[in-house]
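# Observations on the model geometry
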Amino acid sequence: MKRLLLLVTFLLAAGAWLGFSEGGLAALARLAGPASGGRLQIEDPGGRLAGPLAIGRVTWREPGREIDIEGLRLDWSPTALLERRLAVGELAVARVRLAIAPSDDATAPPASLRLPVAVDIEKVVISRFDYGDLFSAGDLRGSLASDGRTHHLRDFSARAGLATIAGEAELGGDAPLPLRAGARIAGQLEERPIRLTVDAAGPLERLVLDIAAQEGVRGSGQAVVTPFARQPFVEARLELADIDPAAWVAGAPAARLHLQVDLRPDPERADAVAGRLSLRNALAGPFDRERLPLETLSARFVWADDGARFSDIAAGLPGKGRLSGSGRWQDDSLSLDLSAQALDASHLVGELRSTRLDGPVSAVLGHARQRIDFRLADTRFTVAAEAAHADGQITL
């Protein structure tokens, strides 16, 4: 009996030392590496495990995944665990970096996201979050609450570039892991205010996103996202209305454009996206009236890491003119190989005579160099030219 009493006394004393002293926290930090097979490393611990505590750096390394947490501060109430509740007053982190190696293989979604205890984190602050080289955000704030079965993110806010994000989310812990989330995004595009709303709903393995523009542009978007599948999405659509190039770019011709883009993963290339775009202009007119002489435009495209290929390009011009052909975007340059049919010059520039020109048109449009070649003819004459612009010089 005395031995049992001594053992209990020793365990209580050891537990008190580990939980309520800086030395105990330091000892646990030293044990983390060997206990995890070297995957978990804890550096510069301070404070007490029972809180408040601070850790200079926490890292987790395993094949295909790296997590770095810097400047961790935690203020929590361990006595709440007696009530099967994790109560945290504040969780603050200076920086979180997450790096996950890309994979072409599908993964199964979690069978359950239930928690063994209820969770109440009153304040979460992450000064900087980096997801590899793909995405960075700053000043992330919010609160977390869960009864163990349903998890809530409330009062979330963050900054990403010039944009601010605010929202909330609810995630079920039982299959099929239903998610409901909403976000409001505000920022600037070309020094103009932009406001969007984004709503997500559905099981975690197949989410439906709805995007709506509230200010700056008129438009909407929809996407079916599959985060655990081989391809991250099934389909997506973007629609923009009443786009006026003159309102965005000084000196650009006026137009009233309606754009629709449909996207799907390319069935032939895992790293590519295939789609179709269509454009309508309700304000077509000649250049000398500061209008854009384009009525319709459609094309198919395949976009990959090495550039984009355009096929089935079909443009309808005022006066029943047409352009058709193909193109390619690569190294910040657009190359076009087109064929003109029934091109009416008077609808391009009002002072020119009426024509019905047919023939090839090729162009290379890049930041540092532009070139256009054409040979157009109707029954009365032929017009051919080669023009280039580079290094501030025009060559004809």
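Residues numbered from 1 in each chain as written. Predicted model: local features only at pLDDT ≥ 70, side-chain atom pairs only at ≥ 80, totals over all residues. Heavy atoms only, no water.

## What about the overall build of the protein?
Per the secondary structure count, the protein includes three helices and 23 strands. Here the C-alpha radius of gyration of the protein, 30 Å, is well above what a compact globule of 396 residues would show, namely 21 Å. Oriented by its inertia axes, the alpha-carbon framework of the protein measures out at about 115 × 35 × 35 Å. Scored against the burial criterion, the 396 residues of the protein give a buried share of 30%. By sequence separation, contacts in the protein at least 24 residues apart represent 32% of the contacts at least 6 residues apart. For the protein, the distance from the average site of its 46 positive side-chain charges to the average site of its 52 negative ones is 4 Å. (Helix = DSSP H or I, 4+ residues; strand = E, 2+ residues; numbered from the N terminus. Rg over C-alpha atoms; globule rule 2.2 N^0.38 Å. Buried < 20%, exposed > 50% of the residue type's maximum accessible area, 1.4 Å probe, protein only. Contact = heavy atoms within 4.5 Å. Lys, Arg positive; Asp, Glu negative; His and termini not counted. Charge placed at Lys NZ, Arg CZ, Asp CG, Glu CD.)

## Overview of the side chain of Thr355
Tracing the backbone through its elements, the reader meets Thr355 in the loop between strand S19 (333–343) and strand S20 (357–366). Exposure remark for Thr355: the relative accessible area of 6% places this residue in the buried category. Within the local environment of Thr355, its side chain forms a polar contact with the backbone oxygen of Leu343, the two atoms lying 2.8 Å apart. For Thr355, the side chain forms a polar contact with the main-chain nitrogen of Ala345, separated by 2.9 Å. Each residue touching Thr355, except ones within four places of it in the same chain, is listed here: Leu343, Asp344, Ala345, Asp378, Arg380 and Phe381. (Polar contact = N/O pair within 3.5 Å; in protein donor to acceptor, adjacent residues only side chain to side chain.)

## Description of a nonpolar patch on the surface
Taken together, the side chains of Ile100, Tyr131, Leu134 and Phe135 present a nonpolar region at the surface, about 400 Å² in accessible area. Judged by relative accessible area, which is 75%, Leu134 ranks as exposed. (Patch = residues over 30% accessible without salt bridge, like charges linked within 9 Å, V, L, I, M, F, W, Y side chains within 5 Å. Areas by Shrake-Rupley, 256 points an atom, 1.4 Å probe, with all protein chains shown as cover. Salt bridge = Lys/Arg side-chain N within 4 Å of Asp/Glu carboxyl O.)

## Quick look at the confidence of the model for the protein
Keep in mind that low pLDDT regions are not for reading the predicted coordinates in detail. Counting all residues, the mean pLDDT for the protein is 89, and 93% of those residues have values of 70 or more. Low pLDDT (under 50) marks residues 2–20, which in the prediction has 14 contacts with non-local residues, meaning those over four places away or in another chain. (pLDDT = per-residue confidence, 0-100.)

## Let's talk about the nonpolar core
Among the nonpolar cores identified, the biggest contains 20 residues, and Ile313 and Leu376 are the most heavily contacted of them. A per-element tally of this core places strand S17 (residues 307–317) first, with five residues. Once residues within four sequence positions are removed from consideration, Leu376 is found in contact with Ala340, Leu343, Leu357, Asp358, Gly359, Pro360, Val361, Phe381, Thr382 and Val383. Core analysis: the next-biggest nonpolar cluster, separate from the first, contains 16 residues, Val58, Trp76, Val124 and Leu140 among them. (Core = buried A, V, L, I, M, F, W, Y, C linked by side-chain atoms within 4.5 Å.)

## Considering the packing of aromatic side chains
Counted under the stated rule, the structure contains one aromatic pair. Ring centres 6.3 Å apart and planes at 50° place the aromatic pair Phe301 and Phe310 in the tilted group. On the accessibility criterion, Phe301 (9% relative accessible area) is buried. The ring centre of Trp248 lies 5.0 Å from the NZ or CZ of Arg192, which sits over that ring. (Phe/Tyr/Trp six-rings, centres within 6.5 Å; stacked < 30°, edge-to-face > 60°. Lys NZ or Arg CZ within 6 Å of the ring centre and 35° of its normal.)

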